[in-house]
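# Residue-level structural notes
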Amino acid sequence: MDNLESILSENRVFSPAPEFSERARIGSRAAFDELVAEAERDFEGFWARLAREFVTWDTPFTQTLDDSNAPFFKWFADGKLNVSANCIDRHLPAKADKTAIIGESDDGSVTHISYQELHDRVAKFANALKAQGIEKGDRVVIYLPMIPDATVAMLACARIGAIHSVVFGGFSAEALRDRINDTEAKLVITADGNMRGGKKVILKGQVDKALEHGCPSVEAVIMLEHIGGVATGTSSVKELTWAEAIDGQPAECEPVMVEAEHPLFILYTSGSTGKPKGIVHSSGGYLVNAAMTSSWVFDLNDDDVYWCTADVGWITGHTYVTYGPLALGVTQVIFEGVPTYPDGGRFWDMVERHKVSVFYTAPTAIRALMKLGDEVPNKYDLSSLRLLGTVGEPINPEAWVWYHQVIGGGRCPITDTWWQTETGAHAIAPIPGAIDLVPGSCTLPLPGIIADVVDDHGHSVPTESGGNLVIKKPWPSMLRTIWGDDERFQRTYFPDNLPGYYLAGDSARRDQDGYIWIMGRIDDVINVSGHRLGTMEVESALVAHPEVAEAAVVGRPHDVKGESIVAFVVVKGDRPQGEAAEAMVKTLRDWVAEQIGPIAKPEEIRFGDNLPKTRSGKIMRRLLRGIAKGEPPEGDTSTLENPAILEQLMGND
Ligand code: WTA
């Protein structure tokens, strides 16, 4: 990666400001070290203490960790709880009138939802789900825009022990259908559509299409009338509007107490092989880390106004919109729109208007907004901010420093949080009142997370050497399995060459201070604007087109998105050139958008008579990555079956 060089040379240190540390939950390096030592002394005791501190249990657990069937670990297994009761009921009546959610729509209209109102909405909707025959353990797919109702739908599932699977609203009908079928969902919750950047996006049509293509498990669809003007009753199953579904339902719904290991949700993410993996998270362990990290890493207090810009379709929206902040009873902003509408000041205008104090976003957004110039944020009063966070990809020091100076006014710590769909919650991140910050490093593992950088045999590599990022001991919010595929779970995350360590799939190095620097994925995953996409997934979509014979996809560094997708395609028949090539590029980009979603559209498509392969037929992606960057092929090309193809793909013939 291009920005890696600047990351590697960065060594400025930003120590926590005394004013921040004084009121922070963990306010010194000594306090942090003591937590690390506590986890080392008594690993299970440490997690048991936190599980009691952060979660209200209906039946207290007596056993903390059951590792008898590793890597299928169980946490707090004989305890029972309800996650929605932890996020809502336990704050009542004390916080009945406190705002839980400030919802802002694309056009700027604002709604405040108090904890009591959230309770009532969730209870009614949970009753509506029950009325549709949804029971504990049933799967429900949620395909909604980034609106408070998405959180309501998630919490309503949790309330009755149904397992939700949120599908990002930007995914296509095909992607939606695959997820519905893999989970065998009984019900789909959607909206007619939503507004983003002043434009209408129709969601319901995608649901109709998905069902048309065959989703035998689905019995009903509930559609929220959000933008209006979209016909209902158009799909092949029973349909209700949200309003019809909750009509006459009481605002009380007894939460179903579930075992700690009961799955709370399934969330799909990309990996090395074609099919996205349904990552399964537990109820108890997941909530412990969600709440604990929200408290420690974001230092959230009762008077904070917190805003995480992630969509609920991603893990960040699960842990740091729905579950973590609500478990702590804070006030948060949920925003339906985009950062550049009506103009590039939208985020900062919202920070000013809602007096946001803790703000969490992705490096790609920071880089895009940085490009618009300092004068945009400088127009707004950002003095309410006290802490900033980033997630999703490495942040280059230039963007880090801009975020720190221009947005944070030099006074806000930046917490660069490394974690994954699979880890459930932050795993490596600076605790802001305690840890010195170095731009570009996610700093130190959180207490209780035993992370290391190892070689392919599991031995720690020397300081400053690159290696595999692993977590050596289980932690409560770790994924439990891949839905329906225990074997793939084991093979992917606990490979035989490592002695029982969790393999994250990232490469990293550790510096002299023990700080961790993430270098990028070691598998075939491309990180576009913080969204994980598997090269195989995009390749499968391309070759599914009737005119495509073969395709290879690689990532290329991009100064705003982090990485972008470049596809090398061999078509059936003659290689298209000139206008025919342009037309084919458009066709294939639209095709990929339809197969997966617009985020997976290749930025560039090049055509070749074939692809560079070894004599054993393996595509040499290393060479393609170089060509995509416009660099002449380096390293050994002598094993190539067809060296002449390189010139063609570089555009030199
Ligand atoms: C990358 C997102 C560097 C990493 C929460 C990881 C990061 C993948 C960071 C997970 C960070 C996430 N610094 N890289 N702070 N945070 N990543 O599952 O490659 O969508 O493996 O979860 O994003 O992406 P996922």
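Residues numbered from 1 in each chain as written. Predicted model: local features only at pLDDT ≥ 70, side-chain atom pairs only at ≥ 80, totals over all residues. Heavy atoms only, no water.

In the annotation of an unreviewed UniProt entry, the entry for the protein reads Acetyl-coenzyme A synthetase, and the organism field reads Guyparkeria halophila. Word for word, the UniProt comment on the protein under Catalytic activity (unreviewed entry) is "acetate + ATP + CoA = acetyl-CoA + AMP + diphosphate". UniProt's Cofactor (unreviewed entry) comment on the protein is quoted here verbatim: "Mg(2+)". (UniProt positions renumbered as here; feature names shortened; annotations may be inferred.)

## Overview of the overall build of the protein
Helix and strand counts for the protein come out as 21 helices and 30 strands. For 653 residues, the compact-globule estimate of 2.2 N^0.38 gives 26 Å, and the protein sits close to it at 24 Å. Structurally, the protein occupies a C-alpha span of about 75 × 60 × 60 Å along its principal axes. For the protein, the residues scored as buried account for 62% of the 653 residues in total. A sequence separation of at least 24 residues applies to 71% of the contacts in the protein between residues at least 6 apart. Of the roughly 23900 Å² of accessible surface on the protein, a fraction of 48% belongs to carbon and sulfur atoms. Looking at charge distribution, the protein has the averaged site of its 61 positive side-chain charges lying 1 Å from that of its 92 negative ones. (Helix = DSSP H or I, 4+ residues; strand = E, 2+ residues; numbered from the N terminus. Rg over C-alpha atoms; globule rule 2.2 N^0.38 Å. Buried < 20%, exposed > 50% of the residue type's maximum accessible area, 1.4 Å probe, protein only. Contact = heavy atoms within 4.5 Å. Areas by Shrake-Rupley, 256 points an atom, 1.4 Å probe, with all protein chains shown as cover. Lys, Arg positive; Asp, Glu negative; His and termini not counted. Charge placed at Lys NZ, Arg CZ, Asp CG, Glu CD.)

## Topic: the site of the ligand
Neighbouring residues of the ligand: 17 residues in total, closest Asp416, Thr417, Thr421, Arg521 and Arg532. One of the backbone N or O atoms of Pro394 is found 3.5 Å from a nitrogen atom in the ligand. At a separation of 2.9 Å, an oxygen atom of the ligand approaches a polar side-chain atom of Asp506. Taking 520 Å² as the accessible area of the ligand by itself, protein coverage stands at 96%. Secondary structure elements with two or more residues in the shell around the ligand: helix H12 (315–328), strand E20 (414–417) and strand E25 (516–521). (Near = heavy atom within 4 Å. Polar contact = N/O pair within 3.5 Å; in protein donor to acceptor, adjacent residues only side chain to side chain.)

## Describing H12
In this model H12 runs 18 Å from its N-terminal to its C-terminal C-alpha over 14 residues, within 8% of the 20 Å that 1.5 Å per residue would give. Of all 14 residues that make up H12, 14 are buried, and the element is covered over most of its length. (Expected span 1.5 Å × (residues − 1).)

## Section: the pairing of strand E19 (residues 387–391)
Counted residue by residue, E19 has five buried out of five residues, so it is predominantly covered. Alternating residues of E19 divide into Leu387, Gly389 and Val391 and Leu388 and Thr390, and every residue in both groups is buried. Where strand E18 (residues 358–361) meets E19, four bridges bridge the pair, whose relative direction is parallel. Looking at the pairing, Val358 lines up with Leu387 of E19. (Pairing = 2+ DSSP bridges.)

## Brief notes about the nonpolar core
Within the largest apolar cluster, 169 residues are counted, with the highest numbers of intra-cluster contacts made by Leu118, Phe125, Leu129, Ile189, Tyr323 and Val569. Examining the composition of this core, we find that nine residues originate from one element, helix H7 (residues 148–160), more than from any other. Beyond its immediate sequence surroundings of up to four residues, Leu118 is in contact with Ile88, Ala100, Ile101, Ile113, Val152, Leu155 and Leu326. Counting residues in each nonpolar core, the second largest holds 32 residues, with Met350, Leu369, Leu385 and Val406 among its members. (Core = buried A, V, L, I, M, F, W, Y, C linked by side-chain atoms within 4.5 Å.)

## Observations regarding the UniProt feature "binding site: CoA" (unreviewed entry) in the protein
Per the UniProt entry, the sites bearing "binding site: CoA" (unreviewed entry) are Arg196, Gly197, Gly198, Lys199, Thr316 and Ser529 in this numbering. A stretch of 334 residues holds the annotated residues, and the largest C-alpha distance among them is 24.7 Å, long enough that they do not meet in one place. Here Lys199 shows up in strand E10 (residues 199–202). Take Thr316: it is sitting in helix H12. The exposure class assigned to Thr316 is buried, which follows from its relative accessible area of 10%. In this structure, Thr316 is in contact with Cys308, Ala310, Val321, Tyr360, Val391 and Trp419, ignoring residues within four places of it in sequence.

## Here's the deal with the environment of Gly651
By the element assignment, Gly651 lies in the segment after helix H21 (644–649). In this structure Gly651 comes out as exposed when scored by relative accessible area, which is 54%. For the pair Gly651 and Ile627, spaced 24 residues apart in sequence, the C-alpha separation works out to 9.5 Å.

## A few points about the pattern of salt bridges
All told, the structure shown has 39 salt bridges when counted by the stated rule. The partner of Glu104 in a salt bridge is Arg353, and the shortest N-O contact between them spans 2.7 Å. Taken together, the positions of Glu104 in strand E4 (residues 99–104) and Arg353 in helix H13 (residues 346–354) put the pair 249 residues apart, joining distant regions of the chain. Judged by relative accessible area, Glu104 falls into the buried class, the value being 2%. Using a relative accessible area of 37% as the deciding quantity, one classes Arg353 as partly exposed. Each of the salt bridges in this network shares a partner with another, and the network as a whole consists of Glu104, Arg346, Asp349 and Arg353. (Salt bridge = Lys/Arg side-chain N within 4 Å of Asp/Glu carboxyl O.)

## Thoughts on the sheet that holds strand E21 (residues 451–454)
Strands sit in the order E21-E22-E24-E25 across an open sheet of four strands; the sheet is antiparallel. Two strands lie at the open edges of the sheet, namely E21 and E25, each paired on one side alone. Averaged over all pairs of adjacent strands, the angle between strand axes in this sheet comes to 45°, irrespective of strand direction. The pairing of strand E24 (residues 502–510) with E25 spans five bridges and is antiparallel. Note on E25: the bridge partner recorded for Ala508 is Ile518. (Axes fitted to C-alpha atoms, helices over the stretch in contact; angles between N-to-C directions.)

## Thoughts on the UniProt feature "binding site: Mg(2+)" (unreviewed entry) in the protein
In the numbering used here, UniProt assigns the "binding site: Mg(2+)" (unreviewed entry) feature to Val543, His545 and Val548. If you trace the backbone, Val543 turns up in helix H18 (residues 535–543). Ignoring sequence-local partners within four residues, the contact set of Val543 consists of Val548, Ala549, Glu550 and Ala551. Within the secondary structure, His545 is located in the loop between H18 and strand E28 (548–558). Every residue in contact with His545, bar those within four places of it in the chain, is listed here: Met584, Thr587, Leu588 and Trp591.

## A look at the side chain of Lys95
As for its placement among the helices and strands, Lys95 is situated in the loop between helix H5 (83–87) and E4. When its relative accessible area of 16% is taken as the criterion, Lys95 is described as buried. Discounting chain neighbours no more than four positions away, the residues touching Lys95 are Tyr115, Asp302, Leu328 and Gly329.

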